[in-house]
Amino acid sequence: MTMPSTQAELQTLLENMANMLREQFSDKKPLLVGIHTGGVWVARALLEILGEDFFAAPLGTLNIAYYRDDFTRIGMHPQVSPSDLPFDVDNRHLILVDDVFYSGRTTRAALNEIFDYGRPATVTLMVLIERNGRELPIRPDIVGATVQLEKGQQLKLRKSADGLHLELREAGAVHAQ
Amino acid sequence: MHSNQLTEQGHLRHFLTIEGLKRPLLTEIMDRAEQFSGIGHRQVKKVPLLRGKTIVNLFFENSTRTRSTFELAAKRLSADVMNFNINTSATSKGESLLDTLHNLEAMHTDMFVVRHNQSGAAEFIAQHVAPYVSVINAGDGCHAHPTQAMLDMFTIRRHKQHFADLRVAIVGDILHSRVARSQIQALSTLGVGEIRVIGPQTLLPRDCHTMGVHVYHDMAEGLEGVDVVITLRLQLERMQGALLPSAREYYRCFGLTPEKLRYAKPDAIVMHPGPINRGVEIASSVADGPQSVILEQVTHGIAIRMAVMSMALGSQSDFYEAEA
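Conventions we followed
Residues numbered from 1 in each chain as written. Chains lettered and ligands numbered in written order. Predicted model: local features only at pLDDT ≥ 70, side-chain atom pairs only at ≥ 80, totals over all residues. Helix = DSSP H or I, 4+ residues; strand = E, 2+ residues; numbered from the N terminus. Buried ≥ 20, exposed ≤ 12 C-beta atoms within 10 Å, placed from the backbone. Rg over C-alpha atoms; globule rule 2.2 N^0.38 Å. Contact = placed C-beta atoms within 7 Å. Core = buried A, V, L, I, M, F, W, Y, C linked by C-beta atoms within 7 Å. Domains from an automatic or database assignment. Nonpolar A, V, L, I, M, F, W, Y, C, P; charged D, E, K, R; others polar. Axes fitted to C-alpha atoms, helices over the stretch in contact; angles between N-to-C directions. Parallel < 35°, antiparallel > 145°, perpendicular 65-115°, else oblique. Left-handed = near helix turned anticlockwise from the far one by under 90°. Pairing = 2+ DSSP bridges. Expected span 1.5 Å × (residues − 1).

Undergrad: Looking at this model, I keep getting lost on the overall build of chain B. Mind explaining?
TA: Looking only at helices and strands, chain B features 13 helices and nine strands. For the C-alpha atoms alone, the extent of chain B along its principal axes is close to 60 × 45 × 40 Å. Sorting the 324 residues of chain B into buried and exposed places 48% on the buried side.

What follows is the structure, encoded as structure tokens:
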């Protein structure tokens, strides 16, 4: 698929993702968890479409900085807001949201962190964009769009005053999780 | 002397003293501690950040609170911890400090947390460890106790927010206190409006005025309108040195009683680094009273030590980069 570039295209992806959630979870009162920073933006957009009542509790956020696998190589990461799961995860259905799915390492870290809060009944991974380059046996359950990128190209979700947009960066940038 | 606390990239490598560190770094330590403090409330009170790292607590001087909070901080970061309580007489049997150190280094230690009754001991060890090893000063003689000072700053920030507007009084034996020295450096680096020290002449350093503090010998004057009162432990062994007439006399003049606390602002907080001598430097009713944040200080010590340990071990990546 070609890169969704306009606001309208992104909104369509989000609407489709929201519909898939409705189909699968309308009677389950799931919990929504966004991964900092882009995943939180996507989760908020979904919350806007589905309404607060669809979920059992306010949006949870995860900062996976302390669960990464590159501490020895990269050291401490710049500070972002700490994790905040304002609910008990035990026996609940969690919808884990990220912006771009790439290597799978962020998801691995997020799953480890979630299980330090408790034991959810299920975890469903939902991403706005899935790109090629998976390095772990983890893949998303609900995907907005799938794109093929060159090795070295990086896709970032950005947020500005007029909303969310995707930014494609060319080779040369440091490989990130 | 202290420039080797930072890597070439400006990251914290060792944490030996507050002296020479800039405000953004102290703020970063507190911000990171803020992030770590939530972990204590989770089902699993642990993050895997320092998994596989080995930390040695090297205590040449007794300590319960400091050693156990360092140990807990390391464990909450998933590091492996070894505690060595070495009394100096045992090491003097044969092995020198450096021999002890190199033996522990040979066990692939990543960090030493050092407490010693000699000023400069942590600095000395930092000068002799391998480049990838970090040293944290957990108190050296009368010199410095930087993690204590940072947990105190963190506690003040939790209650008062803006350092610039504050009046802070430190009461007691400033002369022999590494805690007071580090606190004064941290308070002034963070831009605290007014720092006061209160104590008898014999327990205040002669160069007090050059440290940018206001000196008082009277509690009523010194506590007038302050936002924070930090009481220091009176080391009872000082009595023998004829620096003080008696504990009872000290309590009468400088003990923090409810009556004396009334000179401070009504919402002033009362702090103490512990262990407390009740009825010597502080009345029980004040130590256990509504304005006391003494137990909070202990809790905050864990988060601050997690912040400092993770930042120092994170700076190892600067050496990794250099080799790559």
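Undergrad: How should I be thinking about the overall build of chain A in this particular structure?
TA: Secondary structure summary: chain A contains four helices and seven strands in total. Reading the secondary structure of chain A in the N-to-C direction produces α-β-α-β-α-β-α-β-β-β-β. Taking 2.2 N^0.38 as the reference for a compact globule, 177 residues should give roughly 16 Å; the C-alpha atoms of chain A span a radius of gyration of 16 Å, in line with that estimate. Dimensions of chain A, computed from the C-alpha atoms along their principal axes, are close to 45 × 40 × 30 Å. Counting the 177 residues in chain A, one finds 35% classified as buried. A sequence separation of at least 24 residues applies to 72% of the contacts in chain A between residues at least 6 apart.

Undergrad: Could you clarify how one ought to interpret the nonpolar core in this entry?
TA: The biggest cluster of nonpolar side chains holds 136 residues, and the ones touching the most others in it are Val97(A), Val228(B), Val229(B) and Met309(B). Considering every element that reaches this core, the biggest residue donor is helix α12 (residues 294-314) of chain B, with eleven residues. Counting residues domain by domain, this core receives three or more from each of domain 1 (3-145 + 299-323) and domain 2 (146-293) of chain B.

Undergrad: Teacher, can you tell me more about the domain arrangement of chain B here?
TA: How big an interface is tends to be expressed through the accessible area that disappears when the partners come together. All names here are of chain B. Structurally, chain B comprises domain 1 (3-145 + 299-323) and domain 2 (146-293). Here the C-alpha centroids of domain 1 and domain 2 sit 26 Å apart. Taken together, the 27 residues of domain 1 in the interface contact 21 residues of domain 2. If you list the elements that add at least two residues to the side of domain 1 that touches domain 2, you get α1 (23-37), β4 (134-140) and α12. Tallied by class, the residues present in the side of domain 1 that touches domain 2 amount to 14 nonpolar, eight polar and five charged.

Undergrad: Help me out: how do you make sense of the packing of helix α2 (residues 65-76) of chain B against α12(B) in this one?
TA: For any two helices packed against each other, one specifies the crossing angle of their axes together with the interaxial distance. Residue and element names in this part refer to chain B. Remark: α2 packs on α12, axes separated minimally by 8 Å, with the N-to-C direction vectors making an angle of 55°. Taken together, the axes of α2 and α12 are oblique relative to one another. Between α2 and α12 lies a crossing whose hand is right-handed. Contact residues: α2 offers Arg65, Thr69, Phe70, Leu72, Ala73, Ala74 and Arg76, while α12 offers Val298, Gly301, Ile302, Arg305, Met306 and Met309. Broken down by class, the residue content of the contact of α2 with α12 amounts to eight nonpolar, two polar and three charged.

Undergrad: What is the right way to look at the sheet that holds strand β3 (residues 111-116) of chain B in this model?
TA: Sheet strands pair by backbone hydrogen bonding; their relative direction is either parallel or antiparallel. Residues and elements named next belong to chain B. Taken in spatial order, the four strands make up an open sheet running β2-β1-β3-β4, and their pairing is parallel. Looking at the sheet topology across the chains shown, the edges are occupied by β2 (80-85) and β4. Pairs of neighbouring strands in the sheet enclose a mean axial angle of 15°, with direction left out of account. Of the pairings in the sheet, the one linking strand β1 (residues 54-59) to β3 comprises five bridges and is parallel in character. Directly across from Ile55, in β3, lies its bridge partner Met111. Along the sheet, α12 makes contact with β3 and β4, crossing β4 at roughly 145°.

Undergrad: What am I meant to see in the interface of chain B and chain A here?
TA: Contact with chain B, which involves 18 residues of that partner, is made by 14 residues of chain A. For the side of chain B that touches chain A, the secondary structure elements donating two or more residues are α1, α12 and α13 (316-323) of chain B. Taken together, the residues that form the side of chain B that touches chain A break down as six nonpolar, eight polar and four charged.

Undergrad: For this particular structure, what's the right way to read unusual backbone geometry?
TA: Outside of glycine, negative phi angles account for most residues, and trans bonds account for most peptide bonds. His36(A) connects to Thr37(A) through a cis peptide bond whose omega is -5°. When you line up the elements, Thr37(A) lands in the loop between β1 (31-35) and α2 (38-50). Here the bond from Gly274(B) into Pro275(B) is cis, since omega is -10°, no more than 30 degrees from zero. Positive phi is not limited to glycine here, since Ser78(B) has a value of about 70°. Among the secondary structure elements, Ser78(B) is positioned in the loop between α2 and β2. Assessed through the 15 C-beta atoms surrounding it within 10 Å, Ser78(B) is described here as partly exposed. The backbone phi angle of His108(B) is positive, close to 60°, even though this residue is not glycine. Tracing the backbone shows His108(B) in the loop between α4 (97-105) and β3.

Undergrad: Just checking my understanding: could you explain α1(B) for this structure?
TA: The α-helix advances 3.6 residues per turn, and as a result positions three or four apart in sequence lie on the same side. Residue and element names in this part refer to chain B. Here α1 contains 15 residues, and its C-alpha end-to-end distance of 21 Å stays within 8% of the 21 Å for a straight helix at 1.5 Å per residue. Three or more residues of α1 are buried, namely Leu26, Ile29, Met30, Arg32, Ala33, Gln35 and Phe36. Where the residues of α1 are buried, they touch α6 (146-160), α7 (178-189) and α12.

Undergrad: Which parts of the structure should I look at to understand the pairing of strand β6 (residues 194-198) of chain B?
TA: Looking at chain direction, strand β5 (residues 167-171) of chain B and β6(B) are connected through five bridges and run parallel. Opposite Arg167(B), over in β6(B), you have Glu194(B) as the bridge partner.

Undergrad: How do you make sense of the environment of Ile64(A) when you look at a structure like this?
TA: Residues and elements named next belong to chain A. If you trace the backbone, Ile64 turns up in the loop between β2 (60-62) and α3 (71-74). Residues Ile64 and Pro140 lie 76 residues apart in sequence; the distance between their C-alpha atoms is 18 Å. If sequence neighbours within four positions are ignored, Ile64 has contacts with Ile35, Thr106, Ala109, Ala110 and Glu113.

Undergrad: Is there a simple way to explain the pairing of strand β7 (residues 163-169) of chain A in this structure?
TA: Each regular strand shows side chains that alternate between the opposite faces of the sheet. Inspection of the sheet shows strand β6 (residues 154-160) of chain A paired to β7(A) by seven bridges, in the antiparallel sense. When the sheet's bridge partners are listed, Leu157(A) is paired in β7(A) with Leu166(A).

Undergrad: It is not clear to me how the sheet that holds strand β7 (residues 214-216) of chain B should be interpreted in this structure. Could you clarify?
TA: All names here are of chain B. Strand order in the open sheet made by the five strands is β7-β6-β5-β8-β9, with parallel pairing throughout. Every other strand in the sheet has two partners, leaving β7 and β9 (269-271) as the edge strands with one partner each. Pairwise comparison of adjacent strand axes, ignoring direction, gives a mean angle of 20° for this sheet.

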